[in-house]
Amino acid sequence: MNHINVVIAGAAGQGVQSAGDILGKTLLRLGYQVFIAQDYQSRVRGGHNFISVRFSDEPLAAPVRRADYLLALNEESVGLRLGELAPEGLAFCLEAAKGSRTDQRLRALPDSVGPEAARGEKFAAVKLLSMLFAGLGFKPEVLAGSVKKIFEGRLKPELLRANLDAVAAVAAFIEAKDVRAPAFQPKAAARGGPSAGRLLVSGNDAVSLGMAAAGAGVYAGYPMTPSTSILNTLGTAGPRLGIAVEQAEDEIAALNIAIGGSYAGVRSACGSSGAGLSLMAESIGLAGITETPVVIYDGQRAGPAIGMATRTEQSDLLPLVHSSHGEFPRAVISPADHYDSFYLAAEAFNIADAWQVPVFFVNDLGQAGSERSVEEYDLSRVRVDRGLFAPEPAGTAMLARYAVTESGVSPRAVPALSNWLVSCDSHEHDENGRLTDDKDNRVRQQAKRMRKLAGMAASFPGPEILNPGKPDCLLAWGSTVGPLLEAVNMRGAAFSVAVFRYLFPLDPEKVRRALAGFSRLITVEQNYTGQLGKLLAMDCGLRMHSHLGKYDGRNLTVEDALELLGSLEGGKP
Amino acid sequence: MTCNYDFHQPQWCPGCGNFDLLVCVKDALCGANLGPRDFIMVTGIGQASKLGFSVKCNLFNGLHGRALPLATGVNMANHKVKLISVSGDGDYYAEGGNHFIHAARRNLNIAVFAGDNRVYGLTKGQASPTASPEFTTPIHPEGVGGKPLNPALLALASGATFVARSFTGNKEELTGLMKQAIAHRGFALVDIMSPCITFNKTNTFGWFKQRAKPVGPEHDASSFDAAVSLVSREQETIPTGLLYKADRPVYSDRFSALKGEALARLAPAYSPDRVKPLFEKYK
Ligand SMILES: Cc1ncc(C[n+]2csc(CCOP(=O)(O)OP(=O)(O)O)c2C)c(N)n1
């Protein structure tokens, strides 16, 4: 695939993030497709962080490791990142960061370039960006426009001026031999507009937009990477969209807030990462036994306990399938890309409402934090179905909130807005929501609730099989899907790929049919144990041939995926 | 209005303070003109919490300690509906301690009736956070030790805007305070001394009766300092009545989204299209 990968590296607080924002937005507006991956440490200042900004004329769904350009904002970054620069690539840094290095690919900018007011490491980001733009053959005015757009009002006028002057001065420094304009032109998008009708969104942005589109009115969480940005996005949009968002005192409160909001008649959700999900466990069962629809977002990160706060993993699948004591129905779904992150997040509320269950929307840090260009989401595709409600009675009456039905779903009502009195209970209860431990009632109510599992499984699509008909099938979910598909296609599509979005409950027949005929089934997941494989063994009686696990906490790149495929083709594992 | 909240027969021990609590709750609801569908009751787990099943109303009986965050969610979805919570001292001050503090800090608009028997009734006699240091149980054969938690002081320190104390043996006072708590706009705690005749042989009806003394007219309930000083003074009697009352914006006031109709009325009509303006930021 035609692409260029730009790595911007430096310490926290040096402007790596802003430089990435500027570059990403500029590329988007030039009409390119973009994928931006983050690699950062859990600290506010110092350390070593980098982001990879990859762009192409075709849609991108994965990061790559190899850099075509390196913008090294400090000396440490030159040392740490030069090894991943392509032989024909270029590295830009300030003179002071070059040290004694003699690498032919290194282009050091003398500090004398640019105005007096723009000297030192603080201006490294904007100056190196300007070198990059010149190197790519992009006009400096385009960069100046982006810098202005992002910093106008945020920087003092004289500082903004220094930045803009630096952009112009540095652009002239690049020599003709260093200009490598992309060999590909952006393909026109379906619609016009400044960004060719596209959005540059992170996975979490997409989830937030999806939740808002679904009509969520209550959201609660407790800050934890990588779920906090949903709190931020929905909180900021709340006044305009009519969403009440709360930073709860802990994750237990966050889920109980969502349950309360849902009981009172509003689509409600909460979010956290694995540790917060562990705290929520008892309340997940509360949503289960009270049959309260609620969407619970899990941004998975490397665990257990605090694990690695800014590193990715896919190790919460089995914990979520089993989370909380006792038995009750729940659903687990997961977005395989930034389109799912929007459309499936909205659909999560329909599942919750249709079956009156807790629905886990499971993302991973890699995908939650990565940004990519997508075609503007089509809001007419968002379906809102609130499920079963009881017809309004003539006068005040007690609702049989847990009426035994064939599907297991009982009509609900909104307390205080209807004549129904609605009683929900955390104990085992009778049809009217009153506690009882009567044995026949227990069997009736438990069987009613558990019947929802079969109904949900039947209503869920099975795995999507891409490149069907190959001898071997790779099974994946979440952020591993993108790089895996790209690697498979680079290898001439030698493997089929099964993408799992609906992870629980599974319809064994449907899954077995989709996976029939392959000689090897191989899970590719960012975990040690192969949790999807274990789930398929447990619920569908399927045996995996092997598991390709990666648990170093880093995003799976296309190169990583190629290496994994290589290990398969070599007859191993 | 004529009131009938009669529902399921409660199952407490004969002589349990919860019976009086139930009578007072019903009288206060009636006095506050709240019909069964006009309010939502949110309870936790414990003997006191079971009171919810004996009142005909909208009820969410949640987890041990978690009634208040659940009520917070109800309030976000429907800030117009009156919220009433009933539970025990273990529920509010131990398992749910963190939630109690933060619900008070937010000034959630809710009337909280804490049946404070200084013991865990439902689980048969363990010490509660309000138990006295000398109180013995099989777990604490040499006494609980420490210092009993002071619910009124905790509520004041946490930002509650209505703090009262009462005793199930003084139904008139209790009903009056409950009515005021329901009428109050904000976090209203009534900590209710209530005997557990089976598991607390120390803090008996007589013990409470001897000590519960209504505050005199000299107490200025609008003064935070006076309230703190009154409830933190170590003395033989336990002052009952309204200890503190203030006006402060309630929780829902911080949301412009909760200025008008309840979200529970508005949100079901939300169209996905309302998200469109948010797309601009990503272009
Ligand atoms: C998570 C959890 N831990 C423990 C319990 C057991 N439990 C139920 S009620 C209770 C305490 C009851 O004391 P209190 O809240 O003072 O109410 P009372 O019964 O005295 O009215 C306990 C420990 C539980 N239900 N849930």
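Keep in mind the model is a prediction, meaning the values are calculated, not measured.

Assigned secondary structure in chain B consists of nine helices and 10 strands. Its C-alpha atoms give chain B a radius of gyration of 20 Å, within 12% of the compact-globule value 19 Å for 283 residues. If you line up chain B on its principal axes, its C-alpha atoms span 70 × 45 × 40 Å. When each of the 283 residues of chain B is scored for burial, the buried share is 58%.

By a frequent convention, interface size equals the accessible area lost on bringing the separate parts together. Split by domain assignment, chain A resolves into domain 1 (4-178), domain 2 (201-381), domain 3 (397-459) and domain 4 (464-569). Spacing between the C-alpha centres of domain 1 of chain A and domain 3 of chain A amounts to 59 Å.

What follows deals with the interface of chain B and chain A. Chain B puts 54 residues into the contact, and the matching count from chain A is 72 residues. Taking both partners together, chain B and chain A bury about 5,300 Å²; carbon and sulfur atoms supply 63% of that area. Of all residues in chain B, R37, Y282 and K283 of chain B give up the largest surface area on contact with chain A, accounting jointly for 16% of the area buried on that side. We note a salt bridge from E246 of chain A to R254 of chain B, for which the minimum N-O separation is 2.8 Å. Elements represented by at least two residues in the side of chain B that touches chain A include exactly β2 (58-61), α2 (67-77), α4 (97-106) and α9 (263-266) of chain B.

Okay, unusual backbone geometry next. All names here are of chain A. That bond from T225 to P226 is cis: its omega, 5 degrees, falls within 30 degrees of zero. Mapped onto the elements of the fold, P226 is located in the loop between β8 (218-221) and α8 (228-241). In this model, G303 is joined to P304 through a cis peptide bond whose omega is -5 degrees. Of note, P304 is situated in the loop between β11 (294-300) and α11 (317-322). Positive phi values are uncommon outside glycine, yet A493 reaches one of about 50 degrees.

Turning our attention to the sheet that holds strand β21 (residues 502-504) of chain A. All names here are of chain A. Read across the open sheet, the seven strands follow the order β9-β8-β10-β11-β13-β12-β21; overall the sheet is mixed. Single-partner strands in this sheet number two, and they are β9 (244-247) and β21. Strand-to-strand twist of the sheet, defined as the mean angle between neighbouring strand axes without regard to direction, takes the value 20 degrees. Sheet topology places strand β12 (residues 331-333) next to strand β13 (residues 358-364); three bridges connect them, and they run parallel. Across the sheet, the residue bridging to I333 is F361, located in β13.

Residue and element names in this part refer to chain A. Compared with an ideal rise of 1.5 Å per residue, which puts 15 residues at 21 Å, helix α6 (residues 157-171) spans 21 Å between its outermost C-alpha atoms and is within 8% of the ideal. Among the residues of α6, L160, A162, N163, L164, A166, V167, V170 and A171 are the ones counted as buried. On its buried side, α6 packs onto β6 (106-109), α4 (124-136) and α5 (140-151).

Turning our eyes to something else, we now look at the sheet that holds strand β23 (residues 546-549) of chain A. Residue and element names in this part refer to chain A. Taken in spatial order, the five strands make up an open sheet running β18-β20-β19-β22-β23, and their pairing is mixed. The strands lining the two open edges of the sheet, one partner per strand, are β18 (464-466) and β23. Ignoring which end each strand starts from, the neighbouring axes of this sheet average 25 degrees apart. By the bridge criterion, four bridges tie strand β22 (residues 520-525) to β23 in an arrangement that is parallel. Following the sheet pairing, V524 is matched in β23 by L548. Of the strands in this sheet, β18, β19 (472-476), β20 (496-499) and β22 are in contact with helix α15 (residues 481-490), which crosses β19 at around 155 degrees. Packed onto the sheet, helix α17 (residues 531-540) meets β19 and β22 and runs at close to 135 degrees relative to β22.

Taken together, 17 residues lie around the ligand, and Q47, G90, D91, G121 and L122 of chain B are the ones closest in. Residues lining the ligand come from chains A and B. A48 of chain B is positioned with one of its backbone polar atoms (N or O) 2.9 Å from an oxygen atom of the ligand. Contact distances for the ligand include 2.8 Å between an oxygen atom and a backbone N or O atom of D91 of chain B. In the complex, the protein chains occlude 78% of the 590 Å² of accessible area that the ligand would expose alone.

Enumeration over the complete set of coordinates arrives at one disulfide over all chains. Between the sulfur atoms of C3 of chain B and its disulfide partner C30 of chain B the distance amounts to 1.9 Å. Because the sign of the S-S torsion sets the handedness, a value of about 80 degrees for the bond joining C3 of chain B and C30 of chain B places this disulfide among the right-handed ones. Here C3 of chain B, found in the segment before α1 (17-31), pairs with C30 of chain B, found in helix α1; they are 27 residues apart in sequence, far enough to count as distant. Relative accessible area serves as the criterion here: at 28%, C3 of chain B is assigned to the partly exposed category. Judged by relative accessible area, which is 21%, C30 of chain B ranks as partly exposed. Free cysteine C473 of chain A: the closest other cysteine sulfur is in C540 of chain A, separated by 13 Å. The class for C473 of chain A is buried, based on a relative accessible area of 0%.

What follows is about the packing of aromatic side chains. Throughout the structure, instances matching the rule amount to 24 aromatic pairs over all chains. Arranged with centres 6.1 Å apart and planes meeting at 35 degrees, the rings of Y32 of chain A and F138 of chain A form a pair that is tilted. You can see Y32 of chain A sitting in the loop between α1 (16-30) and β2 (33-39) and its partner F138 of chain A sitting in the loop between α4 and α5, a full 106 residues away along the chain. Residue classification places Y32 of chain A among the buried positions, given a relative accessible area of 3%. Exposure remark for F138 of chain A: the relative accessible area of 12% places this residue in the buried category. The interplanar angle of 50 degrees and the centroid separation of 5.2 Å between the aromatic rings of F167 of chain B and F205 of chain B together place this pair among those described as tilted.

It is worth spelling out the nonpolar core at this point. In terms of nonpolar packing, the biggest core is built from 147 residues, with M211, Y377, L475, F500, L515 and L536 of chain A together with F187 of chain B touching the most fellow members. It is helix α12 (residues 340-355) of chain A that contributes the most residues to this core, 10 residues altogether. With near-sequence residues (within four places) excluded, L536 of chain A lies in contact with L475, F500, L506, V511, L515, G541, L542 and M544 of chain A. The next biggest cluster of nonpolar side chains, apart from the first, holds 48 residues, and it includes V16, L71, L128 and L164 of chain A.

Residues and elements named next belong to chain A. Residues L106 and A108 line one face of β6 and the alternating positions R107 and L109 line the opposite face, and both faces are buried. Taken together, the four bridges between strand β5 (residues 85-94) and β6 define a ladder with parallel strand orientation. Directly across from A91, in β6, lies its bridge partner L106.

Residues and elements named next belong to chain A. Axis separation between α15 and helix α18 (residues 558-569) bottoms out at 8 Å; the angle between their running directions is 60 degrees. It follows from the interaxial angle that α15 and α18 lie oblique. Of the two elements, α15 crosses α18, and the hand of that crossing is right-handed. Taking contact as the criterion, the partners of P483, L484, E486, A487, V488 and M490 in α15 are, on α18, V558, A561, L562 and L565. Partitioning the contact of α15 with α18 into residue classes produces nine nonpolar, no polar and one charged.

The next subject is the pairing of β8 of chain A. Residues and elements named next belong to chain A. The alternating pattern of β8 places V218 and A220 on one face and Y219 and G221 on the opposite face, and all of these are buried. Relative to β9, β8 runs parallel, the two sharing four bridges. Bridging from a neighbouring strand, Y219 pairs with V245 of β9. The handedness of the β8 to β9 crossover, carried by α8, is right-handed. By the bridge criterion, four bridges tie β8 to strand β10 (residues 268-273) in an arrangement that is parallel. Bridging from a neighbouring strand, A220 pairs with C270 of β10.

We now examine the pattern of salt bridges. Residues and elements named next belong to chain A. In this structure the tally under the stated criterion is 45 salt bridges over all chains. Residue K127 pairs with D111 through a salt bridge whose shortest N-O separation is 4.0 Å. Placement of the pair is K127 in helix α4 and D111 in the loop between β6 and α4, with a sequence separation of 16 residues. Between D165 and R161 there is a salt bridge, and its shortest N-O distance comes to 3.0 Å. Linking D165 with R161, this pair stays in helix α6, spanning four residues, or about one helical turn. Relative accessible area serves as the criterion here: at 47%, R161 is assigned to the partly exposed category. The network of salt bridges with shared partners includes R65, K550, D552, D560 and E563.

Analysis parameters
Residues numbered from 1 in each chain as written. Chains lettered and ligands numbered in written order. Predicted model: local features only at pLDDT ≥ 70, side-chain atom pairs only at ≥ 80, totals over all residues. Heavy atoms only, no water. Helix = DSSP H or I, 4+ residues; strand = E, 2+ residues; numbered from the N terminus. Rg over C-alpha atoms; globule rule 2.2 N^0.38 Å. Buried < 20%, exposed > 50% of the residue type's maximum accessible area, 1.4 Å probe, protein only. Domains from an automatic or database assignment. Contact = heavy atoms within 4.5 Å. Buried area = accessible area lost by both parts, 1.4 Å probe. Salt bridge = Lys/Arg side-chain N within 4 Å of Asp/Glu carboxyl O. Pairing = 2+ DSSP bridges. Axes fitted to C-alpha atoms, helices over the stretch in contact; angles between N-to-C directions. Expected span 1.5 Å × (residues − 1). Near = heavy atom within 4 Å. Polar contact = N/O pair within 3.5 Å; in protein donor to acceptor, adjacent residues only side chain to side chain. Areas by Shrake-Rupley, 256 points an atom, 1.4 Å probe, with all protein chains shown as cover. Disulfide = S-S within 2.5 Å. Phe/Tyr/Trp six-rings, centres within 6.5 Å; stacked < 30°, edge-to-face > 60°. Core = buried A, V, L, I, M, F, W, Y, C linked by side-chain atoms within 4.5 Å. Parallel < 35°, antiparallel > 145°, perpendicular 65-115°, else oblique. Left-handed = near helix turned anticlockwise from the far one by under 90°. Nonpolar A, V, L, I, M, F, W, Y, C, P; charged D, E, K, R; others polar. Right-handed = clockwise from strand over helix to strand, strands pointing away.

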